[in-house]
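# Chains, contacts and geometry: an overview
Take a look at the letters that make up each chain.
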Amino acid sequence: MNVTTLKREWFFNTQRDIMSGALVGLALIPEAIAFSIIAGVDPKVGLYASFIIAVITAFLGGRPGSISAATGAMALLMIDLVKNHGLQYLFAATLLTGVFQLIFGFLKVGQYMKFVPKAVMIGYVNALAILIFLAQLPQLTNVPITVYVLTILSLAIIYILPRFTTVVPSPLVALAVMTIAAITLKLDVPTVGDMGELPTALPIFSLPQVPLTVETLNKILPYSLTLAIVGLLASFLTASLVDEMTDTPSDKNQEAKGQGIANIVTAFFGGMAGCGMIGQSVINIKSGGRGRLSTFAAGIFLLIAILFLQDWVKQMPMAALVAVMIMVSIGTFRWSSFQNIPRIPRTDTAVMVTTMLVIIFTRNFALGVLIGILMSSIFFSRKIAQLVFVDKVLRDNGNHRIYNVSGQIFFISRDELLDSFDFTEQVQKVTIDLTHAHLWDQGAAEVLDKAVLKFRRQGIEVELLGLNEPSATLLNKLTSSL
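Scope of this entry: the structure provided in the associated data block. (Residues numbered from 1 in each chain as written. Predicted model: local features only at pLDDT ≥ 70, side-chain atom pairs only at ≥ 80, totals over all residues. Heavy atoms only, no water.)

## Looking at the pairing of strand 3 (residues 389-395)
So the rule is basically this: Pairing between two strands is assigned when DSSP locates at least 2 bridges connecting them. Counting from the N terminus, the helices are DSSP H or I runs at least four residues long and the strands are E runs at least two residues long.
With 7 bridges connecting them, strand 3 and strand 4 (residues 400-409) associate as antiparallel partners. Along strand 4, the bridge assignment pairs Val393 with Ile402. Adjacent in sequence and paired antiparallel, strand 3 and strand 4 are bridged by 4 residues, among which Asp396 carries a positive phi angle near 55°.

If you want it as structure tokens, here you go:
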């Protein structure tokens, strides 16, 4: 790494990167604890993971300014593994998850992110924003009126302070002011300390205590593969969102490698698998963070906070953190996606809304994205199928019919093509000109073969013209076996 790279990726925005990193580091604490509880493990597992993953991806990740740590999406996938096999198998699964992600990085799977449609990404982001907001509701249910007052005051600081100064991120100011107020006034409100015990020492290197057998592999393999895929999907979508917010590119393949190495390392230090966090990345970018230093600072401040500032952090009111996360949900949600509904294709709206609803009701981000991609593929295929044109010309005193076919011929467009031919017309010869067409699959070859046979049964001579080489090869291979 030369001086130019250091300056470009690390020290071009030093003050704001450190400030935003401090805010993110503090915001990570209750989330890491909550995600640990979801997974059924001790809070230190999520806290250690968040520290290690943030620091390693700061150096090895492919998207400066993106935040990676322990996440809810990953925690949800660990519940059964921990319940059925125990904590050590989680560490082993985390290790294998990292290996898979590293392999995916070398296989350059990041390049396939371009196949995720915009509507799916918007649905994903909107669902995440709603889930972030819904996750705050338990902190606002059956609580003293003081909690609502602190939340409202925190939101007021977050949104009003930037009108006067942006030297210090307003969410960080809100956290500091509300914590001082809660301590000084001795307010009886839920605090970070109520979420669980914070660790008091650095993580220690240890190998996962599991048998090195095929049986162990069979137990962890399904979980690890799922974690690897969901983790990379979340990380790639996070990177794409940060790309858009900062108008700068990212290296998705390097991101996959960085996530893989981070998960491998965290498995050896008592941490759970993690991935890119859209919510925390939005906090970072909106607070002024841009470079790798902001991600590194988030990890370091998290460690400092849980080891050296425990007494202060434990007294931090959850109401202030809830306000920060409400700000994140509001900032994450793409409000323009609904304002633009009258101007965008209905199919895009259907994909976006379906993706969003599936994720919200199932809490399964991978399933929502998969269904969204499938819907987009079906709608796109249908559109392409409708772009098959057949121009009909009659020559030689009505004895020679020429069909000039143009467009993409595949299984969906086969019916449109077949309906374009008139098999009852009394002619002596039919020419099907495919100069401006392309055959893509077995369905295309089959419908063309079917058309030729139907014409010949009527005693009509048939000639095929203009087949490009790939189409001709496909036709010759498949029709010979039909």
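Further notes follow.
## Description of the nonpolar core
Keep this limit in mind: Definition used in this section: a nonpolar core is a set of buried Ala, Val, Leu, Ile, Met, Phe, Trp, Tyr and Cys residues joined via side-chain atoms within 4.5 Å. Exposure is judged per residue with a 1.4 Å probe applied to protein chains only, and the accessible area is read against the type maximum: over 50% gives exposed, under 20% gives buried, and values in between give partly exposed. Contacts are residue-level and defined by heavy atoms, with any inter-residue pair within 4.5 Å sufficient.
Ranked by internal contacts, the top residues of the largest apolar core, which has 112 residues, are Ile29, Met78, Tyr124, Met272 and Ile283. Among all residues touching Ile283, those that are not within four sequence positions of it are Leu23, Val24, Ala27, Val324, Met325, Met327 and Val328. By size, the runner-up hydrophobic cluster in this structure holds 26 residues, among which are Leu418, Val427, Ala437 and Leu475.

## Some words on the environment of Leu155
Along the chain, the position of Leu155 falls in helix 7 (residues 145-160). Judged by relative accessible area, Leu155 falls into the partly exposed class, the value being 21%. Distance from Leu155 to Ile371, taken between C-alpha atoms, is 36 Å for residues 216 residues apart in sequence. Contacts of Leu155, omitting those with residues within four sequence positions, involve Ala323 and Ile326.

## Considering the pattern of salt bridges
To be explicit about the condition: Here, a salt bridge means any side-chain nitrogen of Lys or Arg that lies within 4 Å of a carboxyl oxygen of Asp or Glu.
Throughout the structure, instances matching the rule amount to 7 salt bridges. As a salt-bridge pair, Arg401 and Glu425 come within 2.6 Å of each other at their nearest N and O atoms. Of this pair, Arg401 sits in strand 4 while Glu425 sits in the loop between helix 18 (414-419) and strand 5 (429-439); the two residues are 24 residues apart in sequence, bridging distant segments of the chain. Summarising the burial analysis for this pair, Arg401 and Glu425 share the class buried.

## Considerations on the packing of aromatic side chains
What counts is decided by this rule: Between 30 and 60 degrees the pair is tilted, below 30 it is stacked and above 60 it is edge-to-face, where a pair is any two Phe, Tyr or Trp rings, Trp via its six-membered ring, whose centres lie within 6.5 Å. Throughout this description, the term charge over a ring refers to an Arg CZ or Lys NZ atom that lies within 6 Å of the ring centre and within 35 degrees of the ring normal.
Across all of its chains, the model carries 14 aromatic pairs by this definition. Ring centres of Phe421 and Phe423 lie 6.2 Å apart, and the angle between their planes is 65°; on these two criteria the pair is classed as edge-to-face. Each residue in the set Trp10, Phe11, Phe59 and Phe296 is aromatic and connected to the rest through ring pairs, giving one cluster. Between Lys454 and the ring centre of Phe423, over which it is positioned, the NZ or CZ distance is 4.3 Å.

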